[in-house]
Amino acid sequence: MQKLNREIGSSFYSLANGDKELTVLKQQSNIIKAPLAYFYSGRNAIHAILNEIFIAGRRCTIWLPSYYCDTVVNLIENHFNNVAYYPVNPFEFDHSVNIEAFAKPNDVIIINNFWGLSSFNHKSDTKHNIIIVEDHSHGWLSEQCLNSNADYCFSSLRKTYPIPLGAVVWKPKSKKPFNHYNIANDEAVLSAHTNLNTSLTLKRQYIKNNGEKVKNTFLKHLYKGEQDLNNSQDYTKPDLNLEQLLKSFVHIDPNAIKNENLAFITKKINPSKHFKVLNKKGHTPFGLLLVFKNINTFNAFKICMINQNIYPAHLWPNTTINGTWKYLLNIHIDFRYDIEDMSYLVEKINLWTKNNV
Ligand SMILES: Cc1ncc(COP(=O)(O)O)c(C=O)c1O
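Residues numbered from 1 in each chain as written. Predicted model: local features only at pLDDT ≥ 70, side-chain atom pairs only at ≥ 80, totals over all residues.

**Section: the site of the ligand**
Basically, it comes down to this: Nearness rests on one distance test: the residue's C-beta atom, set from the backbone, must lie within 6 Å of the molecule or strand. Note on conventions: DSSP H or I runs of at least 4 residues are helices, E runs of at least 2 residues are strands, and numbering of each starts at the N terminus. Here the term charged refers only to Asp, Glu, Lys and Arg, the term nonpolar to Ala, Val, Leu, Ile, Met, Phe, Trp, Tyr, Cys and Pro, and the term polar to all other amino acids, Gly among them.
Around the ligand sit 13 residues, and of these Ser41, Gly42, Arg43, Cys69 and Ser156 come closest. Listed by contribution, the elements that provide at least two residues to the shell around the ligand are helix 2 (42-54) and helix 3 (70-79). Grouping the amino acids of the shell around the ligand by side-chain chemistry returns three nonpolar, seven polar and three charged.

Written out as C-alpha cells, the structure is:
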C-alpha cells in the first residue's frame, strides 16, 4: 500500500507486513551485546535507573547536561534532590564530556548522545565510584551506543520505530539484565498507550487511504497520549503485547536509510547564511539537523515548512545556549521517506534559502 498523503516529519503511523517502509527499515540489523530491559518510555527508563542507584540511600549529585530534553529534566528535578548541570555544546562533537572537571566521588553523570553525533571517550571511574548513565535516544544502534562503556544506558525507542511507546535499558558491563520495576498501576502510562496506539492506527488511514476525515482525531489522540505520558510518574513493566512488539523491532538498525537520504540531501541542499547542517563523518545523525542563529528566521523557516506539510521539531524549546548557533530543528529523514520525498524536501528548503538571502 503506497502513501497518498505526503507529509515529512511529525509522528509515526503504524506499518504492516508488505509495506514498503517496513521492508526499507528492515534492511539492516545490529545487536547490543547485553541483555535488554523494556520500559514504556525513556522517562520511565531513566526514572527506574536512578531509583535503582539511589535505593541504598546514596548521597551525591546527579549531573545533567546544561542542554537536555525538557521532559527528562522535569522528571528528574521532580523526583530527585541535588541535581546540577555541567556545560556542553550540543552542536560541537569533537570532545567527550570531561567528567573530572566537575564530578566528585559517588556522583551520577548523565551523558546524552547528542543527535547521534557525540564522542564518547570517558572511562568508567570505579576508583571514585562515579556512575555514568548514557542516553542514546537520538543515536539508537550508533557506534557509540553499541560500544558503550557506561554503567547504564537507555534509549527511547519510540523516537526511532513506528510504535506507540517503548524504551530500553541495558548495562553494557553486565551479563545480568536490568530488573528494577515498580509494581504499581500506572493509569497515566496505560492511557498514553491506548491514545498513542489509536493515533498510529488512524494516522495510517490518513497517510495511506487519504483519510482526511481522521486527521483531527489522530492529532487529538496524539496530543492526549503525550499529555498522559507527562503525567506518568512511575516505571512499570510494559504489558506483554508491547514487550513483544518492542522485541520485534529492537534489533532493526534504522541508520542505513537515514544515511542514504542524508547523502542525497547534502549533495543538493544550497548553503544559507541563516542555518548550517549538523553532521559528522562516519556518524548517522538522528535526522536532518538545521541549526539557526536567529529566532525570527528560525520561526519563519519553521512556519514556511509547516505550510508545505514538512514538520520540523525544535530540539529543545525550553533550552538556551550561548554562542552564534542557537536554535535546532530536526526533520525526520527515516524509512518512511524515499528519494522523491527527499527531492520535495530539498526543493522547499532551497526555495526558502533563495527567498531569504
Ligand atoms: C534525548 C532524549 N532522551 C529521552 C527522552 C524521553 O523519552 P520519552 O519521550 O520516551 O520519555 C527524550 C524525549 O522525550 C529525549 O529527547
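**Remarks on the packing of helix 8 (residues 255-268) against helix 10 (residues 339-355)**
The test is simple: Convention adopted: a line fitted to C-alpha atoms gives each axis, helices being fitted over their contacting stretch, and angles between N-to-C directions are expressed from 0 to 180 degrees. Note on convention: near helix rotated counterclockwise from far helix by under a right angle means a left-handed crossing. Clockwise means right-handed. Contact between two residues is assigned whenever their backbone-derived C-beta positions fall within 7 Å.
Direction vectors running N to C along helix 8 and helix 10 enclose 35°, while the axes themselves pass 10 Å from each other. When you trace helix 8 past helix 10, the crossing you get is right-handed. Counting all contacts with helix 8, which are made through Asn261, Phe264, Ile265 and Lys268, the residues of helix 10 involved are Ile339, Met342 and Val346. When its residues are assigned to classes, the contact of helix 8 with helix 10 shows five nonpolar, one polar and one charged.

**A short note on the sheet that holds strand 13 (residues 327-331)**
Heads up, the condition is: A strand pair is defined by DSSP finding two or more bridges across the two strands.
Strand order in this open sheet of four strands is 9-10-13-12, and the pairing throughout is antiparallel. Taken across any chain shown, the strands that pair with only one partner, and hence form the sheet edges, are strand 9 (275-278) and strand 12 (313-314).

**Notes on the nonpolar core**
The condition is simple: Note on terminology: a nonpolar core is any set of buried Ala, Val, Leu, Ile, Met, Phe, Trp, Tyr and Cys residues joined through C-beta atoms within 7 Å. Burial is judged by counting other C-beta atoms within 10 Å of a residue's own C-beta: 20 or more means buried, 12 or fewer means exposed, and anything between counts as partly exposed, with every C-beta placed from the backbone. What counts as a domain boundary in this text is fixed by an automatic or database domain assignment.
In terms of nonpolar packing, the biggest core is built from 60 residues, with Ile49, Phe154, Val168 and Val169 touching the most fellow members. When residues of this core are assigned to their parent elements, the largest contribution, seven residues, is made by helix 5 (residues 187-208). Looking at which domains feed residues into this core, each of domain 2 (37-170) and domain 3 (187-232) supplies at least three. The contacts of valine 169, once residues within four sequence positions are left out, are Ala37, Phe39, Ala45, Ala48, Ile49, Tyr152, Phe154 and Phe178.

**Thoughts on the domain arrangement of the protein chain**
If you check the domain split of the protein chain, you get domain 1 (10-25 + 253-355), domain 2 (37-170) and domain 3 (187-232). The interface of domain 1 with domain 2 comprises 21 residues on the first partner and 17 residues on the second. The residue makeup of the side of domain 1 that touches domain 2, split by class, is 12 nonpolar, seven polar and two charged.

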